Amino acid sequence: LYPDFERTASGLQFKDMVEGTGETFAADAGKTAVIDWDGYTIGYYGRPFEARNKSKGGAFTGETKDFFRFKADDADVIGAFREAIVGMKVGGIRRIIVPPNNEKLGYPDRNWRSKKPQPNNFSGDRALGFVLENQGMIDKTLLFDIELIKIM
C-alpha cells in the first residue's frame, strides 16, 4: 500500500498527477476514451515496458506510437484501465498501481497477451512478459500513468 494514493474497493490504487480541465469521462456514457500511457514493472526494478509521449531512450528510440482507445465496458481491456479512467477529465494524468495476482484488475496469469493494452515494441513485450510469465519470486506489481487525451 502506498499512503499517498487513494485505494478503491477492488484494490486499485491511484493518484492524480495532473488534474484535467476538460470533459469528465463517465462509465455509462458509451463514449470512447483516447489515452496515452506508460507502463512499469515496479515490483521488478521499475523497468518500463511502454513509454508515453514518444521515445524515452534505449529500445524506445525512434518508434512512433498510436494513442490507445477503449470504452469503460470493453472486456478485452484490463480492469485497472477501465476503472481508472472513470471520473478523469481531459488533460489529466492519473498514476495507478495494479496489485499482483489480481486478474480482475491486471493481466491474466495464463495468456496475458489476451488483454489490452499491450506494449508497442519487442523490448517492452519482453520486459512485461518476463515479469508476468515468471513463476518464481518476482513481484508482479505494475504501475501505469494514464493521460486522457480526449473523449469521443
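Coordinates for the structure precede this section.
Report follows, based on the coordinates. Bear in mind that the values here come from a model prediction, so they are computed numbers and not experimental data. (Residues numbered from 1 in each chain as written. Predicted model: local features only at pLDDT ≥ 70, side-chain atom pairs only at ≥ 80, totals over all residues. Heavy atoms only, no water.)

1. Examining the environment of Thr 24
Put simply, the rule is: For the purposes of this entry, the term helix denotes a DSSP run of H or I that reaches at least four residues, the term strand denotes a run of E that reaches at least two, and both are numbered from the N terminus. Contact definition: two residues touch when any of their heavy atoms are within 4.5 Å.
For Thr 24, the position within the fold is in the loop between strand S2 (13-18) and strand S3 (33-41). Look past the residues within four positions of Thr 24 in its chain and what remains in contact with it is Gly 87, Met 88, Lys 89 and Ile 151.

2. Some details on the nonpolar core
Heads up, the condition is: Residues belong to a common nonpolar core when they are buried Ala, Val, Leu, Ile, Met, Phe, Trp, Tyr or Cys residues joined through side-chain atoms within 4.5 Å. Each residue is assigned to one of three classes by its accessible area relative to the maximum for its type, calculated with a 1.4 Å probe on protein chains only: buried under 20%, partly exposed between the two thresholds, exposed over 50%.
Counting residues in each nonpolar core, the largest one holds 31 residues, and the members touching the most others are Ile 35, Phe 81, Ile 85, Ile 96, Phe 144, Ile 146 and Leu 148. Elements represented by at least two residues in this core include exactly S3, strand S5 (68-70), helix H1 (79-85), strand S6 (93-98), helix H2 (122-133) and strand S7 (142-151). If one sorts the elements of this core by residue count, S7 sits on top with 5 residues. Each residue touching Ile 35, except ones within four places of it in the same chain, is listed here: Phe 67, Phe 68, Phe 70, Phe 81, Ile 85, Ile 146, Glu 147, Leu 148 and Ile 149.

3. Let's talk about unusual backbone geometry
Residue Pro 117 follows Lys 116 across a cis peptide bond; omega there is 5 degrees. Its identity as a non-glycine residue notwithstanding, Asn 111 has a phi of 60 degrees, on the positive side. By secondary structure assignment, the location of Asn 111 is in the loop between S6 and H2. Given the relative accessible area of 54%, Asn 111 is considered exposed.

4. Some remarks on the packing of aromatic side chains
What counts, and what does not: When two rings of Phe, Tyr or Trp (its six-membered ring) have centres within 6.5 Å they constitute a pair, described as stacked for plane angles under 30 degrees, edge-to-face for angles over 60, and tilted for the intermediate range.
Applying the stated criterion to the full structure yields 12 aromatic pairs. With a centroid separation of 6.2 Å and an interplanar angle of 50 degrees, the aromatic rings of Phe 70 and Phe 81 are classed as tilted. With Phe 70 in strand S5 and Phe 81 in helix H1, the pair connects residues that are 11 residues apart, well separated along the chain. Relative accessible area serves as the criterion here: at 2%, Phe 70 is assigned to the buried category. Counting every residue linked through ring pairs, the aromatic cluster contains Trp 37, Phe 49, Phe 68, Phe 70, Phe 81 and Phe 144.

5. Here's the deal with the pattern of salt bridges
Heads up, the condition is: By salt bridge we mean one thing: a side-chain nitrogen of Lys or Arg within 4 Å of a carboxyl oxygen of Asp or Glu.
Counted by the stated rule, this structure contains 6 salt bridges. Residue Asp 76 is joined to Lys 116 by a salt bridge in which the shortest nitrogen-to-oxygen separation is 3.3 Å. Taken as a pair, Asp 76 in the loop between S5 and H1 and Lys 116 in the loop between S6 and H2 lie far apart in primary sequence, 40 residues in all. The partly exposed category is assigned to Asp 76, whose relative accessible area is 32%. By sharing partners, the salt bridges in this structure join Arg 113, Asp 125 and Glu 133 into a single network.

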